[in-house]
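Architecture and fold: a report
Spelled out from the first residue to the last, the chains are:
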Amino acid sequence: MGHEFSSTILIVDDEDYIRILASSLLKEEGFHVLEASGTAEALALAAKHDIDVLLTDLHMPGSLDGLQLAAEIRATDPLVHVIISSGDDPSVLKDDALGAVFLPKPYRPHQLTRAVRMNAIG
């Protein structure tokens, strides 16, 4: 296994199609990928694994949205890079103290891989 892109990416999206597609694409790029369909599952995975990049949808069912999920994960691991994906306007991140990267939906494969590479290595 190559180490250039051996970063661990946690993808959190309640839309199965989007999550599975993003996961497949990032695995092809050589990343180790974990998937969660909700925030509770994501928190459980983050507690068991060293996550380098969190790629999460902004709007999630349940008590936490993507930014709140990122804040919870960052509270225990401040080095996790955060990418927030949403069809909303990027201004939703205006009060974001996490330094999250905004990835507009729908995104193209190259936009996803570029955002993850920049945050996994940077």
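So, here's what we can say about the structure. (Residues numbered from 1 in each chain as written. Predicted model: local features only at pLDDT ≥ 70, side-chain atom pairs only at ≥ 80, totals over all residues. Heavy atoms only, no water.)

1. Brief notes about the overall build of the protein chain
What counts, and what does not: Think of it this way: any DSSP run of H or I at least four residues long counts as a helix, any run of E at least two long counts as a strand, and we number them from the N terminus. We compute the radius of gyration over the C-alpha atoms and compare it with the globule rule, which gives 2.2 Å times the number of residues raised to the power 0.38. Throughout this description, buried means an accessible area under 20% of the type-specific maximum (1.4 Å probe, protein chains only), exposed means over 50%, and partly exposed covers the range between. The contact definition used throughout considers only heavy atoms, calling two residues in contact when any of these lie within 4.5 Å. For accessible areas, the Shrake-Rupley method is used with a probe of radius 1.4 Å. Any residue's cover is judged against the shown protein chains and nothing else. Note on charges: Lys and Arg go in the positive column, Asp and Glu in the negative column, and His and the chain ends are not counted at all. Just so you know, the charge point we use is NZ for Lys, CZ for Arg, CG for Asp and CD for Glu.
Helix and strand counts for the protein chain stand at four helices and five strands. Ordered by position in the sequence, the α and β elements of the protein chain form the string β-α-β-α-β-α-β-β-α. For the protein chain, whose C-alpha radius of gyration is 13 Å, the value lies close to the compact-globule estimate of 14 Å for 122 residues. Dimensions of the protein chain along its principal axes, counting C-alpha atoms only, are 35 × 30 × 25 Å. A burial count over the protein chain gives 47% of its 122 residues as buried. Counting contacts in the protein chain only where the partners sit at least 6 residues apart, residues at least 24 apart contribute 61% of the total. About 6600 Å² of surface is accessible on the protein chain, with carbon and sulfur atoms providing 54% of the total. Distance between charge centres in the protein chain, computed from 9 positive and 19 negative side chains, equals 4 Å.

2. A short note on the sheet that holds strand β2 (residues 32-36)
Hydrogen bonds between backbone atoms are what pair the strands of a sheet, whose relative direction is either parallel or antiparallel. This is how it is decided: For two strands to count as paired, DSSP must find a minimum of two bridges between them. Axis definition: a line fitted to C-alpha atoms, over the contacting stretch in the case of helices. Angles run 0 to 180 degrees between N-to-C directions.
Taken in spatial order, the five strands make up an open sheet running β2-β1-β3-β4-β5, and their pairing is parallel. The open sheet has two edge strands with one neighbour each: β2 and β5 (101-104). Averaged over all adjacent pairs, the angle separating strand axes in this sheet is 20°, with direction ignored. Judged from the four bridges that link them, strand β4 (residues 81-86) and β5 form a sheet pairing that is parallel. Residue pairing across strands places isoleucine 83 opposite valine 101, the latter belonging to β5. Each of β1 (8-12) and β2 is contacted by helix α2 (residues 39-48), which is oriented at about 145° to β2, the strand it contacts most.

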